[in-house]
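Coordinate inspection notes
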Amino acid sequence: MHRSIKPATRLKGARRAANARTMSVTRETVAKIASLARIRMDEPELDRMVPELNAILDWVEQLGEVDTSGVEPMTAVIANTLRLRDDVVDADPLTGGGIREKVLANAPAAEHGFFGVPKVIE
């Protein structure tokens, strides 16, 4: 669904930096982006995309006008912690630690206590 951003929805009190320039997408820019992305677009589709992309850029510019000076950076919106199990060595006598030689006995090639694998990248 496409919504156009109207100038009346701009944030009150927000000012554009003196050196900020408004980005706008032209029909030629849309055609070049489509070509680079290998997307075939006919003439009406190109014309339809210009205002949509300009509306997106206006919205992103509007986000840049928000004063976030007092907001601490965060890594996630919801605080979360990983639920991990305890890493216990030798928990199972068949698969626990300390049986390197038995495990490497199954390897097609073992080198220096590790599985030997063919070189993939030259």
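Residues numbered from 1 in each chain as written. Predicted model: local features only at pLDDT ≥ 70, side-chain atom pairs only at ≥ 80, totals over all residues. Heavy atoms only, no water.

The name an unreviewed UniProt entry assigns to the protein chain is Aspartyl/glutamyl-tRNA(Asn/Gln) amidotransferase subunit C, from the organism Tsuneonella deserti. Note on the protein chain: under the UniProt heading Subunit (unreviewed entry), the record states "Heterotrimer of A, B and C subunits." What UniProt records for the protein chain under Sequence similarities (unreviewed entry) is the sentence "Belongs to the GatC family." (UniProt positions renumbered as here; feature names shortened; annotations may be inferred.)

Right, let's get into the packing of helix α1 (residues 27-36) against helix α2 (residues 43-64). α2 packs onto α1 with a crossing angle of 110 degrees between their chain directions and a minimal axis gap of 9 Å. Viewed along their axes, α1 and α2 adopt a mutual orientation that is roughly perpendicular. Here α1 contributes Arg27, Val30 and Ala31 to the contact with α2, which in turn contributes Glu43, Leu46, Asp47, Met49, Val50 and Leu53. (Axes fitted to C-alpha atoms, helices over the stretch in contact; angles between N-to-C directions. Helix = DSSP H or I, 4+ residues; strand = E, 2+ residues; numbered from the N terminus. Parallel < 35°, antiparallel > 145°, perpendicular 65-115°, else oblique. Contact = heavy atoms within 4.5 Å.)

Once that is clear, we can look at the pattern of salt bridges. As enumerated under the stated definition, the model contains 2 salt bridges in all. Note that Arg27 and Asp47 form a salt bridge whose closest N and O atoms lie 2.6 Å from each other. With Arg27 in helix α1 and Asp47 in helix α2, the pair connects residues that are 20 residues apart, well separated along the chain. Residue class for Asp47 comes out partly exposed when judged on its relative accessible area of 43%. Among the ionic contacts, a cluster of salt bridges with common partners joins Arg27, Glu43 and Asp47. (Salt bridge = Lys/Arg side-chain N within 4 Å of Asp/Glu carboxyl O. Buried < 20%, exposed > 50% of the residue type's maximum accessible area, 1.4 Å probe, protein only.)

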